[in-house]
Amino acid sequence: TLTKEFIKGMPKAELHLHLEGTLEPDLKLVLAEKNQIDIGQTTIAEIEKSYQFDSLPSFLNIYYPAMNVLQVEEDFYQLAMAYLTKVKAHNVRYAELFFDPQAHTSRGISFETVINGYYRAVTDSHTLGIETALIMCFLRDMSAESAAETFEQALPHRDKILGIGLDSDEHGNPPGKFKAVFKRAKEAGFHITMHCDIDQENSIGNIREALLDIQVERLDHGTNIVEDRELVEYVKEQGIGLTCCPVSNGFVVDDMKGKEILDLLREGVKVTVNSDDPAYFQSYISDDIFALSENYDMTPADVVLLAENSFAISWLPEAKKSSYL
Ligand code: HPA
Ligand code: ZN
């Protein structure tokens, strides 16, 4: 009885969304043509056919090279505005947007080009009736030194960045590798979060480290927390939220983790549902919630709770938050 219309209509916040993961095949082709970049494909169908991934690394191997079509500030702006225009139809009122500066600086694009393009979209999002903020992520498969350098590059743009996150390949790259830079980020007043991806080699150990050593304010994915009752109680007490992405999970581990998501939600963990990389998984935020409802028993109350949680665990100032709740 849960309709896509009901889910779409619910006012919501999106908190786990990689801007680089919103690069749709049509825009990819337009930018490739404009910037004279050979991407190996010339039609949308060819691009879609190349999207064959069954693990996080196999996804990342397609995801990073595609970013080469993003060359100038306007490209980053256009990418973000295209996403925001799409999710206006999903009644997204507020979005905290991940971006990966190192995926661009490592191929010769300046930090300023990236931040200025994305930040212009943050400013202009108001024209769409959406409020937005940026979360800068470090690539965990790059060095701690590279993360520290990236943090230095970000400091002159302190006012444009709300939080700091950690993404890319978790294998062999635990939270502790970045302890020093996250400590600095926290001291500088940034909000902090980290990906704790699904079914990693030491998922629960990494979750424990992220929560207790780094003291993150949210976990991105993080559903392996069900393996440790004490940690589940800890996040409940602390009001630490999980930003889950069921369709993304379905691609990278062949399991939406819907049981974990709904069990945690119903026992009071501040769980949210998000799209992660919607252009690659062909699923925007309402599609993710709908997919969950099609595969697991879900009630309208569950959908309402997901939407409430999305504002509750956002990093909006309290006064703003309560205006949405
Ligand atoms: N996990 C890690 N890195 C990523 C993801 C993710 O879900 N999406 C984009 N980069
Ligand atoms: Zn992610």
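Scroll up a little and you will see the structure.
Below, the structure is looked at part by part.

Conventions we followed
- Residues numbered from 1 in each chain as written.
- Chains lettered and ligands numbered in written order.
- Predicted model: local features only at pLDDT ≥ 70, side-chain atom pairs only at ≥ 80, totals over all residues.
- Heavy atoms only, no water.
- Helix = DSSP H or I, 4+ residues; strand = E, 2+ residues; numbered from the N terminus.
- Rg over C-alpha atoms; globule rule 2.2 N^0.38 Å.
- Buried < 20%, exposed > 50% of the residue type's maximum accessible area, 1.4 Å probe, protein only.
- Contact = heavy atoms within 4.5 Å.
- Areas by Shrake-Rupley, 256 points an atom, 1.4 Å probe, with all protein chains shown as cover.
- Lys, Arg positive; Asp, Glu negative; His and termini not counted.
- Charge placed at Lys NZ, Arg CZ, Asp CG, Glu CD.
- Donors = N, O, S within 2.8 Å, 3.2 Å for Na, K, Ca; no water.
- Salt bridge = Lys/Arg side-chain N within 4 Å of Asp/Glu carboxyl O.

## Side note on the overall build of the protein
Counting its regular elements, the protein contains 17 helices and eight strands. Taking 20 Å as the expected radius of gyration for a compact globule of 325 residues, we find that the protein reaches 18 Å, a close match to that expectation. In terms of its C-alpha atoms, the protein occupies a principal-axis envelope of roughly 50 × 45 × 40 Å. The buried share among the 325 residues of the protein stands at 58%. When contacts within the protein are restricted to residue pairs at least 6 apart in sequence, those whose partners lie at least 24 apart make up 77%. Here the protein displays about 12800 Å² of accessible surface, and carbon together with sulfur accounts for 50% of that area. If you average the places of the 29 positive and of the 53 negative side-chain charges in the protein, the two averages end up 5 Å apart.

## A short note on the coordination of the zinc ion (ligand 2)
The protein atoms that coordinate the zinc ion (ligand 2) are H16 (NE2), H18 (NE2), H195 (NE2) and D276 (OD), at distances of 2.1 to 2.2 Å. A residue is classified by how much of its surface remains accessible, and H195, at 4% relative accessible area, is buried.

## Thoughts on the pattern of salt bridges
If you walk through the whole model with that rule in mind, you get 19 salt bridges. A salt bridge links E187 to K183; the shortest N-O distance between them is 3.1 Å. Placement of the pair is E187 and K183 together in helix α9 (residues 179–187), with a separation of four residues, close to one helical turn. For E187, a relative accessible area of 59% gives the class exposed. By relative accessible area, K183 is classed as exposed at 51%. Between R266 and D302 there is a salt bridge whose closest N-O contact spans 2.7 Å. In this pair, R266 sits in helix α13 (residues 258–266) while D302 sits in helix α16 (residues 300–312), placing the two residues 36 residues apart along the sequence. When salt bridges that share partners are traced, they join R229, E233, K236 and E267 into one network.

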